[in-house]
Amino acid sequence: MIVVLEVFTLALLTLFALTSVVAAYLAIRERDLVRAVVFSAIQSSMYALIYYVLMAPDIVLVYIPVSVGLIPAVLLFVIKKTERYEGE
Amino acid sequence: MYLGEILVAIGVFCDLAASIGMLRFPNFYVRLHAATVGTIGGAFVPLIGVALIALGAEWLGTYRFFLAGASIITAILIVILAPVGTHVLARAAHRAGVVAVKPKVVDHLEEDRARIKG
Amino acid sequence: MSLEQQVTLFILAVFPLYLLAFTLYIIRAIRGPTIPDSVLAIDALSFDIAAFLALLSILYRSPILISCAVVLSLWVYALDVYVSKYFEARDMGD
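Residues numbered from 1 in each chain as written. Chains lettered and ligands numbered in written order. Predicted model: local features only at pLDDT ≥ 70, side-chain atom pairs only at ≥ 80, totals over all residues. Heavy atoms only, no water.

1. Re the overall build of chain B
In terms of helices and strands, chain B carries 4 helices and 0 strands. Listing each helix as α and each strand as β along chain B from the N terminus yields α-α-α-α. The principal-axis extent of the C-alpha atoms belonging to chain B is close to 65 × 25 × 20 Å. The buried share among the 118 residues of chain B stands at 46%. Nonlocal contacts in chain B, meaning residues at least 24 apart in sequence, comprise 61% of its contacts between residues at least 6 apart. Within chain B, the 7 negative side-chain charges are centred at a point lying 10 Å from the centre of the 10 positive side-chain charges. (Helix = DSSP H or I, 4+ residues; strand = E, 2+ residues; numbered from the N terminus. Buried < 20%, exposed > 50% of the residue type's maximum accessible area, 1.4 Å probe, protein only. Contact = heavy atoms within 4.5 Å. Lys, Arg positive; Asp, Glu negative; His and termini not counted. Charge placed at Lys NZ, Arg CZ, Asp CG, Glu CD.)

2. Section: the nonpolar core
The biggest cluster of nonpolar side chains holds 93 residues, and the ones touching the most others in it are Leu12, Phe16 and Tyr52 of chain A together with Phe15, Ile49, Leu56 and Ile58 of chain C. Ranked by residues supplied to this core, first place goes to helix α2 (residues 35–59) of chain C with 18 residues. Here leucine 56 of chain C is in contact with Leu12 and Tyr52 of chain A together with Phe15 of chain C, once residues within four sequence places are set aside. (Core = buried A, V, L, I, M, F, W, Y, C linked by side-chain atoms within 4.5 Å.)

3. Let's talk about the interface of chain B and chain C
Chain B puts 52 residues into the contact, and the matching count from chain C is 46 residues. Buried surface at the junction of chain B and chain C, summed over both partners, amounts to about 4,600 Å²; 76% is from carbon and sulfur atoms. Of all residues in chain B, Leu23, Trp59 and Leu89 of chain B give up the largest surface area on contact with chain C, accounting jointly for 14% of the area buried on that side. Applying the counting rule to chain B against chain C returns 5 residue pairs in polar contact (both at pLDDT 80 or more). Of all the secondary structure elements, the ones that give two or more residues to the side of chain B that touches chain C are α1 (2–24), α2 (28–56) and α3 (64–96) of chain B. The biggest single contributor to the side of chain B that touches chain C is α3 of chain B, with 19 residues. A breakdown of the residues in the side of chain B that touches chain C according to their chemical character gives 37 nonpolar, 9 polar and 6 charged. (Buried area = accessible area lost by both parts, 1.4 Å probe. Polar contact = N/O pair within 3.5 Å; in protein donor to acceptor, adjacent residues only side chain to side chain. Nonpolar A, V, L, I, M, F, W, Y, C, P; charged D, E, K, R; others polar.)

4. Some words on the packing of aromatic side chains
Scanning the model with the defined rule gives 9 aromatic pairs over all chains in all. With 5.7 Å between their ring centres and 70 degrees between their planes, tyrosine 51 of chain A and tyrosine 63 of chain A make a pair best called edge-to-face. You can see tyrosine 51 of chain A sitting in helix α2 (residues 33–53) and its partner tyrosine 63 of chain A sitting in helix α3 (residues 57–81), a full 12 residues away along the chain. Exposure remark for tyrosine 63 of chain A: the relative accessible area of 27% places this residue in the partly exposed category. Put simply, the rings of Phe8 of chain A together with Phe15, Tyr18, Phe22 and Phe52 of chain C pair up and form one aromatic cluster. (Phe/Tyr/Trp six-rings, centres within 6.5 Å; stacked < 30°, edge-to-face > 60°.)

What follows is the structure, given as structure tokens:
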């Protein structure tokens, strides 16, 4: 039973890590800055879940408000002040 | 305890159905339906089930009451916040015209707003 | 079979179904055609993950981990409100 639990936990970690890598790549490549903010939110929430599986709940409690709450708020405010699409 | 396991099983079924629907549905406004199934059936019901399991789990020690109370609080928050968030998102998407209403029969909201605007 | 083993076996049986559902949600969140699609997928995904974290804290036998689920389900709603407020403000001309 312990072996099955270890295998499933490693599968969960692999899923989160692959998703964060793909989301970081797309957030860098994206021309539309609002979609880049959404991809950045996906990537940092996956990092928070990796911290959760690695048994660090105190880091998760700080990481989720900063990454999902504050950084998209500030970035969307800045994008609203300037322009949305990235120029050449 | 067994009631909690039944509730968790119902939640897993709703979760799978909502994710398949989220992938297969053609349109944003149709996907809202799948999101409703995923949040209420897939998150509210298993959290109540987890609370019932944790109340009967004696191997967790005294902290099992903490687990049960926190999961009930999370369930109440989800049942309040998820419909509000979905409505806000749908209203913003329709107002700003980000998503085109593609296979449409009639769109009364757009007609009303055009009439009010003159 | 004791009660503890039975609950552990049940959660282990439920685990791969949750993994499959998360994979499908993540696919929709990454290749959603428009922005509200991906935000909606993140929303549903995070509420389901909040339910799954409660199961994991029973499975790992450490009830302190449950407090992350409350924080997750609260702040993802904030992301939702931010994105929709951005769209509405751009429409109203302010």
